[in-house]
Amino acid sequence: MYFKDLGPQLSWTMVFLAEYIGPLLTYLLFYFRVPYIYSHRHAFTSSPYPVVLACVCHTFHYMKRLIETIFVHRFSHGTMPLRTIVKNCAYYWGFSAWLAYYINHPLYTPPYGELQVNYALVIFVMCELGNFSIHLTLNNLRGDSKGRRFPVPTKNPFTWLFFFVSCPNYTYEVGAWVSFSIMTQCLP
């Protein structure tokens, strides 16, 4: 038997809080156009286009994830090495900055077709609700006993994806980000 020192460790709750607070704040830095991101003439200006919808959706997504981390998810006593957390945070924070840079850029033009944006917004909201419903369903699987149960669909129509896939929360997550990309016409 071999033991390896993985270095400093953090709890899973702290891991997810660190991963999700970064994209939330990073996006808002670009949205409010703080100096040194874009040219100085655009510092603290607002976009001539309504990019507030993208900001609201992005903020809602990460606020929901933070709230789920605190109130919904239950973690075992496991931990994660600090160096792995740094990699995870770099991924989340970096993609958020990449996305926010283009959507909030002074030269950004929103997609044409209000109907397309409205449909994408409806799909985004439905996917976020579905993701939340699945997380609640998975949370309720653990009762007072040590036994594990399999997730099954309930009366909630968002849980009916359990008929087709074992982890529909990821299906909803992908759907939310695809609809966000359609809504903003921004691939990152």
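Everything quoted here is computed from the prediction, not taken from an experiment.

> Would you mind going over the domain arrangement of the chain with me for this structure?
Structurally, the chain comprises domain 1 (8–48 + 62–109) and domain 2 (111–187). Distance between the C-alpha centres of domain 1 and domain 2: 21 Å. Contacts between the two partners involve 12 residues from domain 1 and, on the opposite side, 14 residues from domain 2. When domain 1 packs against domain 2, the two sides together hide about 1,200 Å² of surface, and 56% of this comes from carbon and sulfur. Considering only the side of domain 1, the residues that lose the most area to domain 2 are Lys64, Val72 and Arg74, jointly responsible for 42% of the buried surface there. Where Glu128 meets Lys64, a salt bridge forms, and the shortest distance between an N and an O atom there is 3.7 Å. Along the contact surface separating domain 1 from domain 2 lie 6 residue pairs in polar contact (both at pLDDT 80 or more). Elements supplying a minimum of two residues to the side of domain 1 that touches domain 2: helix H2 (52–71) and helix H3 (82–103). When the residues that make up the side of domain 1 that touches domain 2 are grouped by side-chain class, the tally is 6 nonpolar, 2 polar and 4 charged.

> Help me understand a nonpolar patch on the surface in this model?
Together, Tyr91, Phe95, Trp98, Tyr101 and Tyr102 line one region of the surface with nonpolar side chains, adding up to about 530 Å² of accessible area. Turning to its location among the elements, Tyr102 is positioned in helix H3.

> Please clarify how the UniProt feature "transmembrane region" (unreviewed entry) in the chain should be interpreted in this entry.
Residues annotated in UniProt with the feature "transmembrane region" (unreviewed entry) correspond here to residues 12–32, 90–107 and 119–138. Along residues 90–107 the backbone is 78% helical and 0% strand, and the end-to-end C-alpha distance reaches 26 Å. Taken end to end, residues 119–138 has its terminal C-alpha atoms 28 Å apart, with 100% of it in helix and 0% in strand.

> Is there a simple way to think about the packing of helix H1 (residues 12–31) against H2 in this case?
Across the interface, H1 lies against H2 with an axial gap of 9 Å and an inter-helix angle of 165 degrees. Considered as vectors, H1 and H2 are oriented roughly antiparallel to each other. Helix-helix and strand crossings are classified by hand; for H1 and H2 the assignment is left-handed. Residue-level contacts link Thr13, Phe16, Leu17, Tyr20, Ile21, Pro23, Leu24, Tyr27, Leu28 and Tyr31 of H1 to Val52, Ala54, Cys55, His58, Thr59, Tyr62, Met63, Arg65, Leu66, Thr69 and Ile70 of H2. In the contact of H1 with H2, the residues fall into 16 nonpolar, 4 polar and 1 charged.

Reading guide: rules and limits
- Residues numbered from 1 in each chain as written.
- Predicted model: local features only at pLDDT ≥ 70, side-chain atom pairs only at ≥ 80, totals over all residues.
- Heavy atoms only, no water.
- Domains from an automatic or database assignment.
- Contact = heavy atoms within 4.5 Å.
- Buried area = accessible area lost by both parts, 1.4 Å probe.
- Salt bridge = Lys/Arg side-chain N within 4 Å of Asp/Glu carboxyl O.
- Polar contact = N/O pair within 3.5 Å; in protein donor to acceptor, adjacent residues only side chain to side chain.
- Helix = DSSP H or I, 4+ residues; strand = E, 2+ residues; numbered from the N terminus.
- Nonpolar A, V, L, I, M, F, W, Y, C, P; charged D, E, K, R; others polar.
- Patch = residues over 30% accessible without salt bridge, like charges linked within 9 Å, V, L, I, M, F, W, Y side chains within 5 Å.
- Areas by Shrake-Rupley, 256 points an atom, 1.4 Å probe, with all protein chains shown as cover.
- UniProt positions renumbered as here; feature names shortened; annotations may be inferred.
- Axes fitted to C-alpha atoms, helices over the stretch in contact; angles between N-to-C directions.
- Parallel < 35°, antiparallel > 145°, perpendicular 65-115°, else oblique.
- Left-handed = near helix turned anticlockwise from the far one by under 90°.

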